[in-house]
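Coordinate analysis (summary)
Spelled out, the chains give:
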Amino acid sequence: MRRWLSVVCLIGLLGTTSLAMGQSLVTRYVPGEDYRVVESAPQRDADEPVQVTEFFLYTCPHCYHFDPELAKWVKAHPNIRFERVPVLFGQGGAAYARLYYTEQALGVTDRLHEAIFTAIHEQGRPLATRPAQRKFMIAHGVDGKAFDKAYDSEAVEAKIRSVAARMKRFQVTAVPSLSVGEQYWVSGRLAGDNDRMLDVVDYLIEQTRDGGEPDGA
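Below, the structure is looked at part by part. (Residues numbered from 1 in each chain as written. Predicted model: local features only at pLDDT ≥ 70, side-chain atom pairs only at ≥ 80, totals over all residues. Heavy atoms only, no water.)

The geometry of helix α3 (residues 93–105) relative to helix α7 (residues 154–170) is characterised by a closest axis approach of 9 Å and an angle of 135° between their N-to-C directions. Judged by the inter-axis angle, α3 sits oblique to α7. When you trace α3 past α7, the crossing you get is right-handed. Two secondary-structure elements touch here, α3 through Ala-97, Arg-98, Tyr-101, Thr-102, Gln-104 and Ala-105 and α7 through Val-156, Glu-157, Lys-159, Ile-160 and Val-163. Residues of the contact of α3 with α7, tallied by class, amount to 6 nonpolar, 2 polar and 3 charged. (Axes fitted to C-alpha atoms, helices over the stretch in contact; angles between N-to-C directions. Helix = DSSP H or I, 4+ residues; strand = E, 2+ residues; numbered from the N terminus. Parallel < 35°, antiparallel > 145°, perpendicular 65-115°, else oblique. Left-handed = near helix turned anticlockwise from the far one by under 90°. Contact = heavy atoms within 4.5 Å. Nonpolar A, V, L, I, M, F, W, Y, C, P; charged D, E, K, R; others polar.)

The following block contains the structure:
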């Protein structure tokens, strides 16, 4: 009889523990506290990969230190669509946004993105002006005329104009930060730190793929 009661108690304990663990996972990330839900998000095609966007600024030291960690995370998530949006914070924001979209237009982002961070944060080179950016690009193998053409192109100008709308849509107030599926936005400040921000993003990716509302939303 005692043995039977012990088994029953053990099963009950395991059930209670499992329930508690399940509830812990469900309530682990809270909308409005750990991340922000964007209103009127467009409907996502279930067959499309989830889009994750980083909002960053080249002069931001937190973005600089976060970049290697983010690069590893992106490699570990081949089934997402990843992009970056350079924010327009401060007087120099537009200049750095133009630099980013110019390197993108020239197809050298994979090669020079990290190098730009290094130049600014390790070598003390602000790269805040067109001449400084042009000199840097040429020193890294980019043709000067190709740089000028991309830098002054309407395509780059249009992308810079689109940044303000993206920032407004997600109410971007800090960098680095990430949006998920055009529906959620999370920053290190909201999540607690940048490592936890990526954990929250993993959770939101699964929620987006499932097509459901995060628990507590």
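Below, the discussion takes up the environment of Val-186. Within the fold, Val-186 resides in strand β5 (residues 184–187). Take Val-186: its relative accessible area is 0%, and that puts it in the buried class. Discounting residues that sit within four places of it in the chain, Val-186 has contacts with Asp-34, Tyr-35, Ser-177, Leu-178, Ala-191, Met-197, Val-200 and Val-201. (Buried < 20%, exposed > 50% of the residue type's maximum accessible area, 1.4 Å probe, protein only.)

What follows concerns the sheet that holds strand β2 (residues 51–56). What holds strands together in a sheet is hydrogen bonding between their backbones, with the strands either parallel or antiparallel. Strands sit in the order β1-β5-β4-β2-β3 across an open sheet of 5 strands; the sheet is mixed. The open sheet has two edge strands with one neighbour each: β1 (36–37) and β3 (81–86). Here 4 bridges tie strand β4 (residues 177–180) to β5, and the two strands are oriented antiparallel to one another. Of the residues in β5, the one forming a bridge with Val-180 is Tyr-184. Seen against the sheet, helix α9 (residues 194–210) touches β2, β4 and β5 and runs at an angle of roughly 10° to β4. (Pairing = 2+ DSSP bridges.)

To continue, consider the pairing of β2. Counting buried positions along β2 gives 6 out of 6 residues, so the element sits mostly inside the fold. Alternating residues of β2 divide into Gln-51, Thr-53 and Phe-55 and Val-52, Glu-54 and Phe-56, and every residue in both groups is buried. Pairing of β2 with β3 involves 6 bridges; the strand directions are parallel. Directly across from Gln-51, in β3, lies its bridge partner Arg-81. Note that the unit made of β2, helix α2 (residues 61–75) and β3 has a crossover that is right-handed. Where β2 lies against β4, 4 bridges are found, and the strand directions are antiparallel. Bridged to Val-52 within β4 is Val-180. (Right-handed = clockwise from strand over helix to strand, strands pointing away.)

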